[in-house]
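Reading the structure
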Amino acid sequence: MVCSTALLYVLRRLKIISFTNSEPSVPSDALFFVPFRILLRTTPLSLAYLLYMLASMESVRGVNVPMYTTLRRTTVVFTMIMEYFLAKQKHTPPIIGSVALIVFGAFVAGARDLSFDARGYAIVFVANITTAVYLATINRIGKSSGLNSFGLMWCNGLVCGPSVLFLTYIQGDLKRTVEFPYLYSPGFQVVLLFSCMLAFLLNYTIFWNTILNSALTQSMCGNLKDFFTVGIGWVLFGGLPFDLLNVIGQGLGFLGSGLYAYCKIKGKVRAICSCIWERNFGRMVLIT
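Reading the values: the criteria
Residues numbered from 1 in each chain as written. Predicted model: local features only at pLDDT ≥ 70, side-chain atom pairs only at ≥ 80, totals over all residues. Heavy atoms only, no water. Helix = DSSP H or I, 4+ residues; strand = E, 2+ residues; numbered from the N terminus. Buried < 20%, exposed > 50% of the residue type's maximum accessible area, 1.4 Å probe, protein only. Contact = heavy atoms within 4.5 Å. Areas by Shrake-Rupley, 256 points an atom, 1.4 Å probe, with all protein chains shown as cover. Expected span 1.5 Å × (residues − 1). Arc of directions from axis to C-beta. Polar contact = N/O pair within 3.5 Å; in protein donor to acceptor, adjacent residues only side chain to side chain. Core = buried A, V, L, I, M, F, W, Y, C linked by side-chain atoms within 4.5 Å. pLDDT = per-residue confidence, 0-100.

Our next topic: the overall build of the chain. Of regular secondary structure, the chain possesses 12 helices and 0 strands. Helices and strands in the chain line up, N terminus first, as α-α-α-α-α-α-α-α-α-α-α-α. Counting the 288 residues in the chain, one finds 38% classified as buried. Taking all contacts inside the chain whose residues are at least 6 apart in sequence as the whole, residues at least 24 apart take part in 81%. Carbon and sulfur atoms make up 72% of the accessible area of the chain, which totals about 17400 Å².

Written as structure tokens, this is what we have:
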């Protein structure tokens, strides 16, 4: 978070990027680069991010990896519900069907690993809820505040940075980090730098995709990445045991994601054609 905020500061100071869709009349030497009232408006996003981050970190410890992956794919359902409550957004039956297909495929893929753990399951579902709230908040505040992806990341870093630093201090993580024996090792610092760069790109694409499309679309993309993760893992590491149920479940999840993408593209094409038709028809009526 420190690296991301510092990078954004340098890029904004050099005027390579802006933090808003239409740059407001904020002096270039302003403390926050954005009006303070807009910074306060992003506070719910920062709170949602903190809850999402803490719940996601904790949920990994509660269950095994296959079951974690299975349960995390149900995030799309929570996201759909959260979009309805926060934005009153309703979805068509094909969209709902594609979500159901993804969830069904997830449970098929993890059918052999359904080792019930009440606490572990509860934490994963809490992580799903916080993820849905986080994505829905990005979409809502991104469209209402006038900030672009860089601006949201900047405000999120300013608010969350001190909070996370305080948490790491009281939990002792900060002390353990300072005492890490390889902290000043060039190899470790290079790897850490690349990790920070990847985290920056990941957060930027999440903000960008969620604002440009929707929270549900971002959840779908999160599920779609598992297809590439499995494929890349198979090619790079090999030796993975073949499980027919897992392959079928992964295939159903990929099919559901593809169906969702098809429905969204078809809907946008239909909307564009309808707009063109109404515009041309209106001109014909005017000429007549």
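A few words on the environment of Asn-128. You can see Asn-128 is positioned in helix α7 (residues 118-145). Overall, the relative accessible area of 0% leaves Asn-128 in the buried class. Once residues within four sequence positions are removed from consideration, Asn-128 is found in contact with Leu-71, Arg-72, Thr-74, Thr-75 and Phe-78.

Right, let's talk about helix α1 (residues 2-13) for a bit. Its 12 residues place the ends of α1 16 Å apart at the C-alpha level, agreeing with the 16 Å of an ideal helix rising 1.5 Å per residue. All of the buried residues along α1 are Ser-4, Thr-5, Leu-8, Leu-11 and Arg-12. Down the axis of α1, the buried side of the element spans an arc of 130°, and every buried residue falls inside it. Once α1 ends, the next one or two residues include Lys-15, with phi positive near 60°.

Another point: the side chain of Ser-46. Tracing the backbone through its elements, the reader meets Ser-46 in helix α3 (residues 43-62). You can call Ser-46 buried: its relative accessible area is 1%. Reaching out from Ser-46, the side chain makes a polar contact with the side chain of Asn-156 at a distance of 3.4 Å. With residues up to four places along the chain from it excluded, the contact list for Ser-46 reads Cys-155, Asn-156, Val-159 and Cys-160.

Unlike most non-glycine residues, Lys-15 shows phi in positive territory, near 60°. Within the fold, Lys-15 resides in the loop between α1 and α2 (36-41). Residue Lys-15 is classed as exposed on the basis of its relative accessible area of 60%.

The biggest cluster of nonpolar side chains holds 30 residues, and the ones touching the most others in it are Leu-8, Phe-19, Tyr-134, Ile-138 and Leu-152. Of the residues forming this core, the biggest block, 6 residues, is contributed by helix α8 (residues 149-170). Residues within four places of Leu-8 in sequence aside, it is in contact with Ile-17, Phe-19, Phe-150, Met-153, Trp-154 and Phe-200. Listed in part, the 10 residues of the second largest apolar core include Met-80, Ile-95, Ile-102 and Tyr-260.

Let us look at the confidence of the model for the chain. Of the residues in the chain, 75% have a pLDDT of 70 or more, and the chain-wide mean is 78. pLDDT under 50 marks residues 24-29. Its contacts with residues more than four places away, or in other chains, come to 8 contacts.

Quick look at the side chain of Asn-139 now. On the secondary structure map, Asn-139 appears in helix α7. Apart from the residues lying within four places of it in its own chain, the contact partners of Asn-139 are Thr-210, Ile-211, Asn-213, Ser-214 and Ala-215.

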